[in-house]
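# Descriptive structure summary
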Amino acid sequence: AKREKIGIVGSGFIGRSWAMLFASVGYEVCLYDIKQEQVPDAINEIKKQLHELESSNLLRGNISVAEQIKCIRGVTNLKDCVVGSKHVQECVFEDVDLKKEVFKKLDELVGPNTVLSSSTSCIIPSLISPDLVHKENFIVSHPINPPYHVPLVEIVPAPWTRKDVVARTRALMAEIGQSPVVFTREHPGFGVNRLQYAILNECNHLVRSGVVTAEDVDTIMKDGLGMRYAWMGPLETALLNANGMKDYLERYADTIKNISETLEGKASWDYKDCGDLVSQLDEMVPLDKLQNRREWRDKRLAALGKLKRDA
Ligand code: NAD
C-alpha cells in the first residue's frame, strides 16, 4: 500500500466505484456514509465485485485482489474519513444544498493540503464552493457511469481553484488508470452532458417527426457512429474521412452548413409532448427488464474497457 489516504464521502454507486479505483493502485481508502449501517454492506459488495472481476480477468490496477481489499476500510465518522487525506472525493446525492453542507463540514476538518473534489454530474463548481475557507482546493471530478469500466473523468475547476490543485487532480486520475480531461473553466453541462444533450435533441426530433423509429435511432448510433466513437472522437473521425481537417472542411463545409440549417435545436422535453417517444421506448425495454439490461450493459462495457486497455 502507498500509505497515502483518500477519503470517500458517500457509499452509493459512485462512491463504491471510486473506492475500487483508488484501491487498485494501493491508496488507503476510507469510506464513509451518513447511513452508517450501509458502509459494511458497501464494503462486502466491493469485495464480491473485486473477486468477480478477478475471475473474469477484468481486475484493474497493479496489485493483487487481496491487497486491494486490504486498502479499503469503512469508517463511522466524517473526521476519520477525511483528516490527513490527500484527496477527498464527495459522492452524495446530486443536490446543491446538500453538497454545500457536506463541503462546509469537510472544510472545517481538513488542512490546506487536501484536495476537495466533487463527483457532481451537473452542478457547476462555483455554486458549491464560494464560501469555503479552502475554496482554492475545491474542484469537480465528474466520472461517467460505470466509472470502473468507462475511464473518462471531467476535471472542472471553479474560478478560484489553484492551478496546482488542477494539476494534482489530473495526475491522480491518470495514476488510477482513468482518462482525465481538464476544463479551463466551468461551463454548464461540462462536456459529456453538452454533447449528450445535443444528440438527445436530434434523437427526439427524428423520432417525433416519424422519420425513423426510436429503435432505428439507437441502431444509427450503436451500429454506426458509436462503433467509431468507441475508439476515436468525432473530430478525428472527420479528418480521417478526408485527407486531414483542412481537406475535410474544404470538401464538407457547405454540406455541414446546409444540413445544420435543417436541425431544429432544442426539443420540447415536456412529458406530454413526448408521448410517442416514451411508448416506443417502453416497448423496446419494458420497465421490468431495466435491471437485466443494466447488467448486460455493464458486462459489455467491461469487455470493451478491457479491449481498449489492451489495444
Ligand atoms: P447514490 O444515491 O447511489 O449514493 C449517494 C450516497 O450518499 C448514499 O449512500 C447516501 O446515503 C449518501 N449520503 C447522502 N447524504 C450524505 C451525507 N451528508 N454524508 C455522507 N453520505 C451521504 O448516488 P450516486 O449515483 O452514487 O451519485 C453520487 C454523485 O455522483 C451524485 O452527485 C451524482 O450526480 C454523481 N454521479 C453519478 C453518476 C451515475 O450515473 N450514478 C455518474 C456520474 C456522477
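Owing to the predicted nature of the structure, the values given are computational and were not obtained by experimental measurement. (Residues numbered from 1 in each chain as written. Predicted model: local features only at pLDDT ≥ 70, side-chain atom pairs only at ≥ 80, totals over all residues.)

### Notes on the site of the ligand
- Neighbouring residues of the ligand: 23 residues in total, closest Gly10, Gly12, Ile14, Glu94 and Asn145.
- Every element with two or more residues in the shell around the ligand is listed here: helix H1 (13-23), helix H5 (96-109) and strand S6 (138-143).
- Residue contributions to the shell around the ligand peak at 3 residues, all from H1.
- Tallied by class, the residues present in the shell around the ligand amount to 10 nonpolar, 10 polar and 3 charged. (Near = placed C-beta within 6 Å. Helix = DSSP H or I, 4+ residues; strand = E, 2+ residues; numbered from the N terminus. Nonpolar A, V, L, I, M, F, W, Y, C, P; charged D, E, K, R; others polar.)

### Some remarks on the domain arrangement of the protein chain
- When the domains of the protein chain are assigned, the result is domain 1 (5-182) and domain 2 (192-310).
- Taken together, the contact between domain 1 and domain 2 spans 8 residues of the former and 7 residues of the latter.
- Here the side of domain 1 that touches domain 2 is built from residues that sort into 5 nonpolar, 2 polar and 1 charged. (Domains from an automatic or database assignment. Contact = placed C-beta atoms within 7 Å.)

### Notes on the sheet that holds strand S5 (residues 115-118)
- Strand order in this open sheet of 8 strands is S3-S2-S1-S4-S5-S6-S7-S8, and the pairing throughout is mixed. Unpaired on one side and paired on the other, strand S3 (72-74) and strand S8 (179-182) mark the two borders of the sheet. Ignoring which end each strand starts from, the neighbouring axes of this sheet average 25° apart.
- Packing against the sheet, H1 makes contact with strand S1 (5-9), strand S2 (28-32), S3, strand S4 (85-90) and S6, and its axis sits at approximately 170° to S2. (Pairing = 2+ DSSP bridges. Axes fitted to C-alpha atoms, helices over the stretch in contact; angles between N-to-C directions.)

### A few points about the nonpolar core
- One finds Ile8, Val9, Ala19, Phe22, Val29 and Leu31 to be the most contacted residues of the largest nonpolar core, which totals 49 residues.
- The element contributing the most residues to this core is H1, with 7 residues. (Core = buried A, V, L, I, M, F, W, Y, C linked by C-beta atoms within 7 Å. Buried ≥ 20, exposed ≤ 12 C-beta atoms within 10 Å, placed from the backbone.)

### A word on the environment of Leu53
- Summarising the element assignment, Leu53 is placed in helix H2 (residues 38-55).
- Given 20 C-beta atoms within 10 Å, Leu53 falls into the buried group.
- As for Leu53 and Val65, which are separated by 12 residues in sequence, their C-alpha atoms are 9.2 Å apart.
- Ignoring any residue separated from it by four or fewer positions in sequence, one finds Leu53 in contact with Leu58 and Leu59.

### A look at the pairing of S4
- Within S4, 5 of the 6 residues are buried, which leaves it mostly tucked inside the rest of the structure.
- Taken together, the 5 bridges between S1 and S4 define a ladder with parallel strand orientation. Bridging from a neighbouring strand, Gly7 pairs with Val88 of S4.
- Sheet topology places S4 next to S5; 4 bridges connect them, and they run parallel. Its bridge partner lying in S5, His87 is registered against Val115.
- Considered for its hand, the β-α-β crossover made up of S4, H5 and S5 is right-handed. (Right-handed = clockwise from strand over helix to strand, strands pointing away.)

### A few points about unusual backbone geometry
- The omega torsion across Asn145 and Pro146 is -10°, close enough to zero to call that bond cis.
- In this structure, Asn57 is a non-glycine residue whose phi angle is positive, near 65°.
- Looking at where Asn57 falls in the secondary structure, it is placed in the loop between H2 and helix H3 (65-70).
- Not every positive phi belongs to a glycine, and Phe190 is a case in point at roughly 50°.
- Mapped onto the elements of the fold, Phe190 is located in the loop between S8 and helix H8 (192-208).

### Remarks on H5
- Compared with an ideal rise of 1.5 Å per residue, which puts 14 residues at 20 Å, H5 spans 20 Å between its outermost C-alpha atoms and is within 8% of the ideal.
- All buried positions along H5 are accounted for by Lys99, Val102, Phe103 and Leu106. Across the axial projection of H5, the buried residues extend over an arc of 95°, all falling on one side. Turned more than 90 degrees off the buried face of H5, the exposed positions are Asp97, Glu101 and Glu108.
- Residues of H5 that are buried in the fold lie against S1, helix H4 (78-82), S4, S5 and helix H6 (125-128). (Expected span 1.5 Å × (residues − 1). Arc of directions from axis to C-beta.)

### Some remarks on the UniProt feature "domain: 3-hydroxyacyl-CoA dehydrogenase NAD binding" (unreviewed entry) in the protein chain
- UniProt records the feature "domain: 3-hydroxyacyl-CoA dehydrogenase NAD binding" (unreviewed entry) at residues 5-183, using the numbering of this structure.
- Helix makes up 40% of residues 5-183 and strand makes up 22%, while its end C-alpha atoms are separated by 26 Å. (UniProt positions renumbered as here; feature names shortened; annotations may be inferred.)

### Notes on the pairing of S8
- As paired elements, strand S7 (residues 152-157) and S8 share 4 bridges and run parallel to each other. Residue Ile155 lies in a different strand from S8, and its bridge partner there is Val182.
- Between the parallel pair S7 and S8, the chain is carried across by helix H7 (residues 163-175), and the sense of this crossover is right-handed.

### Quick word on the packing of H8 against helix H12 (residues 275-284)
- Remark: H8 packs on H12, axes separated minimally by 9 Å, with the N-to-C direction vectors making an angle of 95°. It follows that H8 is roughly perpendicular to H12 by the angle criterion. Across from Asn204, Val207 and Arg208 in H8, the residues of H12 making contact are Asp276, Leu277 and Gln280.
- In terms of residue class, the contact of H8 with H12 is built from 2 nonpolar, 2 polar and 2 charged. (Parallel < 35°, antiparallel > 145°, perpendicular 65-115°, else oblique.)

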